[in-house]
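# Geometric and topological summary
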Amino acid sequence: MNKNTGQGGVFSLFKGVPLSRILVVLFMLQILLAVGLTAYLSIRNGQKAVNEVASELHLEVANRVEQNLQSYLSTPRQVLGGNQNVMNMGLLKIENLATWESYLIEQLKIFPDALAITASNEQQEHLTVEKLNDRQFLLRKAGKSTGYDLYTYRIDPQGQRTQLPEVIKNYDPRSRPDYQTAVTAKKFSFSQIFTPRTEPTLLISASQPIYNSQGELLGVNSTQTHISQIGDLLQNIKVGKSGQIFIIERSGLLVASSTTEEPFRFQNGKPIRLAASQSSNSLTQATAKYLATKFSNFDQIQSLQQLDFSFDGKRQFLEVRPLQGEPNINWLIVVAVPEADFMGQIDRNTQITIFLGLGALGLATLLGIITARWITQPILYFSRATKDLADFPNDKDSVVIIQGIKEMEVLGGSLNEMAQQLRKTFTALITKNEDLELQVKQQTQELQQEIKERINNEQKLSKHSQVLAELANHKAVFEGNLETAFKVITEKAANALEVERVSVWLFNSNRTKLQCINLYERNKQRHSASLERNLADYPIYFRALASARTITVTDTRTDPRVQELWNELLKPKNIVSLINTDLWVGGEVVGTVLYEQVDIPRRWELSEENFVSSIAEFVALTLEVCDRKRAESALREAKEAAEVANRAKSTFLGNISHELRTPLNSILGITEALQDEVYGPVSEEQRQSLTMLESSGKNLLELINQILDLTRTESSKIELQLAATSIQGICDFSLSSVKHLAFQKNIRLRAEVPEELEPIQVDERRICQVFISLLTNAIKFTKEGGEVWIEVQPTSTNEYIFFSVVDTGIGMLSDDLFKLFQPFVQVENASTNRSPGTGLGLVMVQKIVELHGGTVHAESQLGKGSRFTVKLPWKKAGEWRV
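The following paragraphs examine the structure supplied in this document. (Residues numbered from 1 in each chain as written. Predicted model: local features only at pLDDT ≥ 70, side-chain atom pairs only at ≥ 80, totals over all residues. Heavy atoms only, no water.)

### Some remarks on the overall build of the chain
For the chain, the helix and strand inventory stands at 17 helices and 29 strands. Counting over 882 residues, the chain shows a buried share of 40%. Contacts in the chain between residues far apart in sequence, at least 24 positions, make up 58% of those at least 6 positions apart. Element-wise, carbon and sulfur atoms account for 52% of the exposed surface of the chain, whose accessible area totals about 50,900 Å². (Helix = DSSP H or I, 4+ residues; strand = E, 2+ residues; numbered from the N terminus. Buried < 20%, exposed > 50% of the residue type's maximum accessible area, 1.4 Å probe, protein only. Contact = heavy atoms within 4.5 Å. Areas by Shrake-Rupley, 256 points an atom, 1.4 Å probe, with all protein chains shown as cover.)

See the structure below:
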C-alpha cells in the first residue's frame, strides 16, 4: 500500500540538497521573517507618525502664515476705513483736498506699514503723501491751483515744502490704475502687484471709492504697501530645519519667500517679476515645477492640498493653501518641508534594529548548524547503508545495522525485512523485464512499419495533388482538345499511380460498345487507340460497370466481374489487378477510365480510389468543354446565317416597298382627280367605286410606309433626335391627334399626369408616334360610350417613368398577349370581327421604345379592357444615353 509522505509541492525544490543545509536554511528563514517583519512594522509605524506630524506641522505653519498675511493686509483696510469715517463725520471732504495734507501725514505716522496714501476726486484734483522715512515725506499735488499739472514737493521734519523739478503736465488722476480699479469694483479692493519706477521693490495698492448720499461717485481714496515686508514675516516663521515657505500668484509669479531671495530680478536696470519656477533657490524652483506638472492650471487649486514629491532623491512634504478673505488677492501659500527633518531619529532607530537582527541571525545560524549535524549524522549513516543494500544481488548476505537514535534502529529493521522480500521478487522481475523488452521490440518494429507506410501514403497524396493541380491548369483540358488532353491525363495518371496501362473508353452513339479513345503504356511510353469491347460479348462486366461508379479488382484471376475478360484480354497482357471508374456527363454514363496493373497483384488503397475518381472528373470536364465548344461554334454559324437572312429580307422589303409606292401614289392621284370630276362627271355608283379604291389605296400606302419604318428600325438606320421634352406636352399632343377618332365613337379621353414633372430626354416625334398608335388601337377596340386615358407614374428613385394607355374595350385572352408584338399578326376573338390594319403598329411601338432604352408590357382581360405600359429611362438632374 502506497502512503503519501507529504514530500511534494514546495519540498520538491530541495531535491538533491543535503538535509543539514535544509535545516540551517529553514532556521535562518524563520529568524529573517521575524526580524524583517519587526523592522518593517517599526519603519512603517515611524513613517506613519512622521506623516501625521508633518501634516500637523504644515497645517499649523500655513495657519500662522495666513493669519500674518491677513493681519498685514488689514492695514490698508484700516487706513481707508478710518478715512471713510472721518469723511462721514464731515471733518474731511473729498471735494476739497486742501485740508487733507496734514491729515495724511499723520495717517502715515500712525500706520508704519503704509507707504503712501492718495486722495483724488472727480474734479481732477489729486493729492498723494508718500513716506520717505520716519521724518521726511513726498507730496504730489494737482488741481485747479496748479493748472491741473502734477507738482512734487519734499516735506522736511519742520513741515517746510521744497519743490522738486519733476512736473507732469495735464495730469488726470482718474486715469490711474488704482482709481479705475476702485470705480470698476465699486467697493474696497486691492490692485495687482507692481514694481515702482523709483525703487527696486514690489508694491500693492488698496482703493476705496467714495460716493455721496445719492450714490454719485465723488472720488477715490487709496493706499500703497510694500510687499517685501511679507518676506520678513515669512522669515520669522520656523519650518523644521530646512523647510521653506513662499507665496505665489495663480500665474506662478513669486510674491514672497522665507528665503533671502528677492521676488524680482533686474533686466536692463529695471526690476522684473520673478516666476517661482525660475527661482535661484533649488527647493523653491523644484516645488513650483512639481505643482505646474501636478496641476496644469493653478486655478484648479481651490482648497487645501497636502502632497509629497521627490527632490534630489529625497522625499519632500508639501502643503498648498489658497489665501481667502481679501478681494482681488488670489495668492497660494506653499509650505515645503524635507522628510529628512523628521526622519533623523527614526533612521537611527532603524539602523539599531537592523544590527540587532543581523546578530540574532548569526546566532541562529550557528545553533542551526550544530543542531543539523546532530540530526543528520545518523541519517547519513542510514543513507550509506541503504546504498549498500541496493547492491544486494551481488551481496546477498548484506544486513543493515544502525545504532544511536531509536527511530533509526526501527527503520533499519524494517529495511532488512524489505530486503528479504526484494530478493524473492527480483528474479521474477528480471524475467518479466525480458518479456517486456521483447514486446517493446516487436511493437517498435510494427510502429516503424506503420510510420513508413504513412510516409509513403503522404508522398502518394502529394504526388496525386500535384498531378491534379497540373491538370487543373492545363490548357488542353479547358479548351476541350480531346486528343491532347487524353494523352496528358493518361500519362500523368499512369506515372502517379505507377500502373502499366491507363486508358479512356467511350460508348458509341447507340451505346452498344465501348471504344478506346486513348491507351497509354508506361514502360513503352506510347499511346494507342482503336480498341473496342461489345456489350453483348461481356454482359457481366458491363452490368458491373452500370451498378457501381468504381470497380476495384485486386486479383483478376478470381474476381467474377472480370472473368469474361481473363482469357481473351487480361491473361495475354498478364494484367492481374485493375480499377475502373465511370465517366458521367449530362447525368448519364458516357464511358470509363481503366487502370491495369501487370505482373504483381495490387490492393488498391482508398486514396488511390479517390485519385482515379478525380481523374475521371477531369476526363468528363474535357468532354463537356469539347461539347460546349462544338455547340458554341454551331450557334455562332446559325447566328451569322440569321443575320445574313435578315439583311436580305430588309433589303428586299425596302426595295419592293419603294417600287410599290410610286405607282400607288399615281393611282391615288388619278382617283382623287376623278372624284373631283376633272375628266368629266361621274355617277353615284362610280363615285362609290372610286371611294372604295381610294380607301384601299391609302391602306396599302400605310402598309408600305410601316414596312419601310420597320425595315429601317431592324437595320438600325433610324437615328433618334433626343431633346428635353415636356411629359405633359407629349400626352396632350397624342390625345389631340386621336380626338376625331374618339369623337366618332363618343369615347371620352383624359390624361392623369402628376404636376411639375421634369422634362424627359426623348425623340418627341417618335414617342408621340408610339402613344398615337397605342391610343388608336385602344379607340379601335373600345365600344361606343367607353373611355380611354393615359396614366403617368414615376418610380421612387426617378430613374424610370411609366406611361400607361388604358381602355375599357373588349380586351383579349392572356394566351393571345404573346402574339401582339409579332409582325403582320392580328389577335381575333369571338366577340369581334377582324379589324382593319397591317399588324405592324405594335411592332413599331416596341422597336421605337427599345431604341429609347425602354420596354413595352401589355395586360388584358377579356371583356374588361387592356393596359399597355411603356417604361422609359428618366433622370431628374442628368441625361441618359442610348
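So much for the structure itself; the text now carries on.
### Comments concerning the pairing of strand β4 (residues 150–155)
Note: strand β3 (residues 137–142) against β4, five bridges, orientation antiparallel. Residue pairing in the sheet places Leu139 in a bridge with Tyr153 of β4. Examined bridge by bridge, β4 and strand β5 (residues 161–168) share five bridges and lie antiparallel to one another. When the bridges of β5 are listed, Tyr151 appears paired with Val167. In textbook terms, the turn of a hairpin is the stretch between consecutive antiparallel strands, and for β4 and β5 this stretch comprises five residues, one of which, Gly159, has a positive phi near 85°. (Pairing = 2+ DSSP bridges.)

### Description of the nonpolar core
By size, the foremost hydrophobic cluster in this structure holds 37 residues, and its most contacted members are Phe771, Leu774, Phe803, Val870 and Leu872. At the level of elements, α14 (727–737), β25 (760–762), α16 (764–780), β26 (787–794), β27 (800–807), α17 (841–851), β28 (855–861) and β29 (865–873) are the ones that each hand at least two residues to this core. Of the residues forming this core, the biggest block, eight residues, is contributed by α16. Not counting residues up to four positions away in its chain, the partners in contact with Leu872 are Ile760, Val762, Ile767, Glu799, Tyr800, Ile801, Phe803, Val849, His852 and Gly854. Core analysis: the next-biggest nonpolar cluster, separate from the first, contains 32 residues, Val467, Ala485, Ile579 and Ile615 among them. (Core = buried A, V, L, I, M, F, W, Y, C linked by side-chain atoms within 4.5 Å.)

### A word on α14
For α14, the complete set of buried residues consists of Ile727, Ile730, Cys731, Ser734 and Leu735. Along α14, the residues classed as buried sweep out an arc of 120° about the axis, all on the same side. Backbone nitrogen of Gln728 and a side-chain oxygen of the N-cap are separated by 3.4 Å at the start of α14; the cap is Ser726. (Arc of directions from axis to C-beta. Polar contact = N/O pair within 3.5 Å; in protein donor to acceptor, adjacent residues only side chain to side chain.)

### Details of helix α10 (residues 539–547)
Residues of α10 that are buried include every one of Tyr541, Phe542, Ala544 and Leu545, and no others. End-on, the buried residues of α10 take up no more than an arc of 155°, which puts them together on one face. For α10, the exposed residues set more than 90 degrees away from the buried face come down to Arg543, Ala546 and Ser547.

### Side note on unusual backbone geometry
Its identity as a non-glycine residue notwithstanding, Lys186 has a phi of 60°, on the positive side. With respect to the helices and strands, Lys186 occurs in the loop between α3 (177–185) and β6 (189–190). Accessibility expressed as a relative area gives 61% for Lys186, which makes it exposed. For Asn798, which is not glycine, the phi torsion reads 65° and is therefore positive. Checked against the element boundaries, Asn798 lands in the loop between β26 and β27.

### Quick look at the packing of α14 against α16
It is at 9 Å that the axes of α14 and α16 come closest, and there the two elements cross at 45°. Relative to α16, the element α14 is oriented oblique. At the point where α14 passes α16, the crossing takes the right-handed sense. Along its contact with α14, which presents Ile730, Phe733, Ser734, Leu735 and Ser737, the element α16 presents Ile767, Cys768, Phe771, Ile772 and Leu775. Of the residues contributing to the contact of α14 with α16, the split by class is eight nonpolar, two polar and no charged. (Axes fitted to C-alpha atoms, helices over the stretch in contact; angles between N-to-C directions. Parallel < 35°, antiparallel > 145°, perpendicular 65-115°, else oblique. Left-handed = near helix turned anticlockwise from the far one by under 90°. Nonpolar A, V, L, I, M, F, W, Y, C, P; charged D, E, K, R; others polar.)

### Re the side chain of Gln244
Take Gln244: it is sitting in strand β9 (residues 244–249). Judged by its relative accessible area of 9%, Gln244 falls in the buried class. Setting aside anything within four residues of it in sequence, one finds Gln244 in contact with Ser258, Thr259, Asn281, Leu283, Thr284, Val334, Val335 and Ala336.

### Notes on the sheet that holds strand β13 (residues 305–311)
If you walk across this open sheet you meet the five strands as β10-β9-β15-β14-β13, and the pairing is antiparallel. Since the sheet does not close on itself, it has two edges, and those belong to β10 (254–257) and β13, each with one partner. Pairs of neighbouring strands in the sheet enclose a mean axial angle of 25°, with direction left out of account. By the bridge criterion, seven bridges tie strand β14 (residues 314–322) to strand β15 (residues 331–338) in an arrangement that is antiparallel. Among the inter-strand pairings, Pro322 is bridged to a residue of β15, identified as Leu332. In the packing of helix α4 (residues 228–235) onto the sheet, the strands contacted are β9, β10 and β15, and the crossing angle to β10 comes to about 40°. Strands in contact with helix α5 (residues 282–294) are β9, β13, β14 and β15; relative to β13, the strand with the most contacts, it is inclined by about 120°.

### Topic: a nonpolar patch on the surface
A cluster of nonpolar residues, Val25, Leu26, Leu29 and Leu32, forms a patch on the protein surface that exposes about 320 Å² of accessible area. Looking at Val25, the relative accessible area reads 38%, which means it is partly exposed. (Patch = residues over 30% accessible without salt bridge, like charges linked within 9 Å, V, L, I, M, F, W, Y side chains within 5 Å. Salt bridge = Lys/Arg side-chain N within 4 Å of Asp/Glu carboxyl O.)

### A few points about the sheet that holds strand β24 (residues 748–752)
Strands in a sheet are paired, the pairing made by backbone hydrogen bonds, and the direction either parallel or antiparallel. Pairing is mixed across the open sheet formed by five strands, whose spatial order is β24-β26-β27-β29-β28. Each end of this open sheet is capped by a strand with a single partner; those strands are β24 and β28. For this sheet, the mean inter-axis angle between neighbouring strands, taken without regard to orientation, is 15°. Inspection of the sheet shows β28 paired to β29 by seven bridges, in the antiparallel sense. The residue bridging Thr855 from the neighbouring strand is Lys871, located in β29.

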